[in-house]
Amino acid sequence: MAALVATIMGVVREVLGDSVVDEVDEPIVDYIANVLADQDFDFGPPEGHGIFDALGELLIDARSVYDREHCLEVCAKLCEKLGSHGIVKPKQAVRSLAAPLRMNAGMEEEKAPKKTEYIFDAPPLSSRDKAKTELNRRKEDRQREAQYEMHVAEMEALRAGMPPVYVNHSNVGGSTIRDIHMQNFSVTVGCRDLIQDQTLTLAFGRHYGLIGRNGTGKTSLPRAMAQHAIDGIPKNCQILHVEQEVTGDDTTALQCVLNADVERVQLLQEEARLGQQLKDLEEGTESNQSLDKIKDGLDKDAISKRLEEIYKRLEYIDADAAEARAASILAGLSFTPEMQLKNTKAFSGGWRMRIVLARALFIEPDLLLVDEPTNHLDLHAVLWLETYLLKWPKTFIVVSHAREFLNTVVTGILHLHGKKLHAYKGDYDTFERTREEHLKNQMKAFETNEKARGHMQEFIDKFRYNAKRASLVQSRIKALERMEHVDAVVSDPECCDVCVHAIENLTPRMQLLTNVRMAVFSQHHVDGLDLTVNPLLYMMRCFPDLDAVEALIQGLLIFQGGVLMVSHDEHLITGSVDELWAVTDGKVGPFRGTFKEYKKMLTT
C-alpha cells in the first residue's frame, strides 16, 4: 500500500510540477494520493472525470490549477499516467437487466475462483488487547444467554397465566358466548401504561384487524385478553392466543393437532382399554390372576354398557370426521400427507408455527387472537388461510402488516394510538379513508376553535383596561373559559421519535412547528442501540408496521438499480415491481399478468 501511494505521489508531482506540489500543504497532497490509491476508486469514464468529481474542487481551492478547464486537463493527464503504471483498472461492463442473464454462468468449473486476498499492514494485537477482546466476547455471550433465558422465563410465565384451551364439545349447537364488553380497562407493562381507561365491545362473529405502531400494545393487549386479565371477559369464554411454536417431540404433526380434542383422545383411549378387557373376558386368554383383577373392577355387562356410552358420545362429537378435518387444515397450510406423519421435532420453527395455527383453527375457540399469521406462510397457504378465515363463524382479532390480507379477512379495524383504542368499521382501506377524513375534520374544528379563541383573546387584551368596555371584557373572559377546548391533530409520525428531552434545556426556548421532523444523531450511539442484535433485526423491531411497508415501496420506486424481490405481500409487490417471475415445478420464468391474476390462477 505504501509503495502504491509513493508511485501515485510521483505521478502527481510529474503532472502538476514540483513547484506547485511544494506550495500545497502536505496533508492535502497525502489525501489526494490516498484517495487515488483506493482500490474501489472510480476513475471514469470519460477518462479523468472520476478524479475531477472527487478532487477537482480541492485542486481548484488549493490553486494547483488555474480554472475548471485546466483542472479537467490535469485530471485526464493524471488518469493517463496512472493507467500507464497499471493503477487504473478497466471497469467491467455493466449488463442490462433487460437482457437474458444465465444464472449458472461459471458454475461448470470444478473449482470456483478464489477471491484475491488483501493483506493489510496493521500492528499485531498485544496480549493485553487480546485478553480484553476475549473478555468482551464472553461478556456479549453472557448477555445474549441472559436475554434468552429471560425471554424463555417470560414466555413460560405467560403460558402459565393462560388457561388451557381445547376443543369444546359442550357447545356443539353453537357458542354460548356472544358479544364481549370490556369497560374502563387499562393495559400496563412494567411501569409503562400502554392503554388507559378504554372501552371496547367485540361483536360476535366480527373479524377485527389490530393495528398500531410498535410499542403501542398490539402484543400486550391480546396477551391480557388471553389471560382473562380484563374485566368484562366471561370466565367461560375460550380465548386462544396463537403466539408460540409447539415443542418438538415424537408426536406427529397430525396427531399434535388431533390432541387438541382432549375429550376425543380420552374416549378413544378408554374405548381401546375396555375393548381389550372385554376381549380378554370373552376369550379367557389371560391368566387367572389377571381375570380376577378384571372381575374385581368391571364385569362384562358393565364394560358393554360403558362402551355403548362411549360410542354414542364419539358419534355425537363427530369423532370420525376429526382426523379428516385436521388433515385438511394441515394440507391448506402446505403440509403434504408425508409431512403430516413426520414428528414435530423434525420441523423448523416456521413449520411448527404452522402447526400451532392449525391447532387453533381446529379448536375453533370463542375468540381467536392471531399475531402476524402470514409471516411463516407461503403464498398458497396465505390464500388458503384467507378463504378459511372468511368463513370463520366466531370472533377473531388478527395483528398483521399485510395490507391486502387485512382487506380480505377483516370487517373492522382496531387502531391503537396515544394509549387509546379506536374502532372502525370496514377493511383497512376503508379505515384509511375514514381516518383521513376524521383528521381533516378535526383539523378544521381545531383551526375554527383557535380562531375564535384568538379573536376573543384579542378583544380582551385590547380593552382589558378600558372602563367603558369592562362588562364586555368580563363576558368575553367567561365565554372563553366556557368554550370547549379542541385538541390539536396528532397523527402517527413518519419518522423516528423526536428526542424532545435533548432540546428542553436549550436557551433560548424553541417551539416546534407541526410539520417539523427532527432526528438526533449522537456519536455515543451505544446509549441508544441494542448491541445484542444485528442492524436488520433492530430496524425490524423498531418499524414492523404498515407505514414501514409504505416507506419501503417509496424507497424502491426511487432506487435506480435492479431489484429482485421474494415476497408474497400483494401490496408491496404491486406497488414496487414491474415484472413477476413465478417458480413452478423446479423452474422459474416470467408470469405474463398481474399479481391478482396469479392469485386467481392459484385458487382455480
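Residues numbered from 1 in each chain as written. Predicted model: local features only at pLDDT ≥ 70, side-chain atom pairs only at ≥ 80, totals over all residues. Heavy atoms only, no water.

This part takes up the pairing of strand 1 (residues 180-189). Here seven bridges tie strand 1 to strand 2 (residues 192-202), and the two strands are oriented antiparallel to one another. In the strand pairing of strand 2, valine 189 is matched with arginine 192. (Pairing = 2+ DSSP bridges. Helix = DSSP H or I, 4+ residues; strand = E, 2+ residues; numbered from the N terminus.)

Tallying each qualifying case throughout the model produces 21 salt bridges. Arginine 306 is the partner of glutamate 270 in a salt bridge, and the nearest nitrogen-oxygen pair spans 2.8 Å. Highlighted residues: glutamate 270 in helix 9 (residues 262-283) and arginine 306 in helix 11 (residues 300-316), separated in sequence by 36 residues. Judged by relative accessible area, arginine 306 falls into the partly exposed class, the value being 29%. The shortest N-O distance in the salt bridge between arginine 403 and aspartate 429 comes to 3.1 Å. You can see arginine 403 sitting in helix 16 (residues 403-409) and its partner aspartate 429 sitting in helix 17 (residues 428-463), a full 26 residues away along the chain. For aspartate 429, a relative accessible area of 25% gives the class partly exposed. When salt bridges that share partners are traced, they join Glu134, Arg137, Arg138 and Asp141 into one network. (Salt bridge = Lys/Arg side-chain N within 4 Å of Asp/Glu carboxyl O. Buried < 20%, exposed > 50% of the residue type's maximum accessible area, 1.4 Å probe, protein only.)

The buried count for strand 7 (residues 412-417) comes to six of six residues, which makes it a mostly enclosed element. Direction of pairing for strand 3 (residues 207-212) relative to strand 7: parallel, over a ladder of five bridges. Residue pairing in the sheet places glycine 212 in a bridge with leucine 416 of strand 7. Counting the residues between successive antiparallel strands, the hairpin from strand 7 to strand 8 (residues 420-425) contains two residues, one of them, glycine 418, with a positive phi of roughly 60°.

All chains considered together, the criterion is met by eight aromatic pairs. Here tyrosine 428 and phenylalanine 431 contribute two aromatic rings whose centre-to-centre distance is 5.5 Å and whose plane-to-plane angle is 50°, an arrangement assigned as tilted. Of the two residues, tyrosine 428 and phenylalanine 431 are both situated in helix 17; the distance of three residues between them amounts to about one turn of the helix. Relative to phenylalanine 463, the ring of phenylalanine 459 lies with its centre 4.9 Å away and its plane at 50°, an arrangement referred to as tilted. (Phe/Tyr/Trp six-rings, centres within 6.5 Å; stacked < 30°, edge-to-face > 60°.)

Turning our eyes to something else, we now look at unusual backbone geometry. Phi at asparagine 184 is positive, roughly 50°, even though this residue is not glycine. Inspection of the secondary structure puts asparagine 184 in strand 1. The phi dihedral of aspartate 197 falls on the positive side, at around 45°, and the residue is not glycine. Along the polypeptide, aspartate 197 turns up in strand 2.

Okay, the packing of helix 12 (residues 322-332) against helix 14 (residues 349-363) next. At their nearest, the axes of helix 12 and helix 14 sit 9 Å apart, and the two run at 135° to each other. Classified by the angle their axes make, helix 12 and helix 14 are oblique. Viewed along their axes, helix 12 and helix 14 form a crossing whose handedness is right-handed. Across the interface between the two elements, Ala322, Arg325, Ala326, Ile329 and Leu330 of helix 12 pack against Ala358, Leu361 and Phe362 of helix 14. (Axes fitted to C-alpha atoms, helices over the stretch in contact; angles between N-to-C directions. Parallel < 35°, antiparallel > 145°, perpendicular 65-115°, else oblique. Left-handed = near helix turned anticlockwise from the far one by under 90°. Contact = heavy atoms within 4.5 Å.)

Attention now goes to helix 3 (residues 26-37). Between its terminal C-alpha atoms helix 3 stretches 17 Å, which fits the 16 Å expected from twelve residues at 1.5 Å a residue. Turning to helix 3, its buried residues number three or more, namely Val29, Ile32, Ala33, Val35, Leu36 and Ala37. Tucked inside the fold, the buried residues of helix 3 contact helix 1 (2-16), helix 2 (18-23), helix 4 (49-61) and helix 5 (68-84). (Expected span 1.5 Å × (residues − 1).)

Turning our eyes to something else, we now look at the confidence of the model for the protein. Mean pLDDT over the protein: 80, with 78% of residues reaching 70 or higher. Long-range and interchain partners of residues 493-510, a stretch whose pLDDT sits below 50, account for 13 contacts in this model, where long-range means more than four residues apart. Long-range and interchain partners of residues 521-527, a stretch whose pLDDT sits below 50, account for one contact in this model, where long-range means more than four residues apart. (pLDDT = per-residue confidence, 0-100.)

Quick look at the environment of arginine 192 now. Tracing the chain through its elements places arginine 192 in strand 2. Setting aside its immediate chain neighbours within four residues, arginine 192 contacts Val187 and Gly215. At a separation of 3.1 Å, a polar atom in the side chain of arginine 192 contacts the main-chain carbonyl oxygen of glycine 215. (Polar contact = N/O pair within 3.5 Å; in protein donor to acceptor, adjacent residues only side chain to side chain.)

A separate point is the sheet that holds strand 5 (residues 367-371). Judged by pairing direction, the sheet is mixed, and its six strands sit side by side in the order 4-5-6-3-7-8 without closing on themselves. Two strands close off the open sheet at either side, each with one partner strand: strand 4 (239-242) and strand 8. Put simply, the sheet's adjacent strands are angled 20° from each other on average, direction ignored. Pairing geometry for strand 7 and strand 8, over six bridges, is antiparallel. Note on strand 8: the bridge partner recorded for histidine 415 is histidine 422. Along the sheet, helix 14 contacts strand 4 and strand 5; its crossing angle with strand 4, the most-contacted strand, is approximately 160°.

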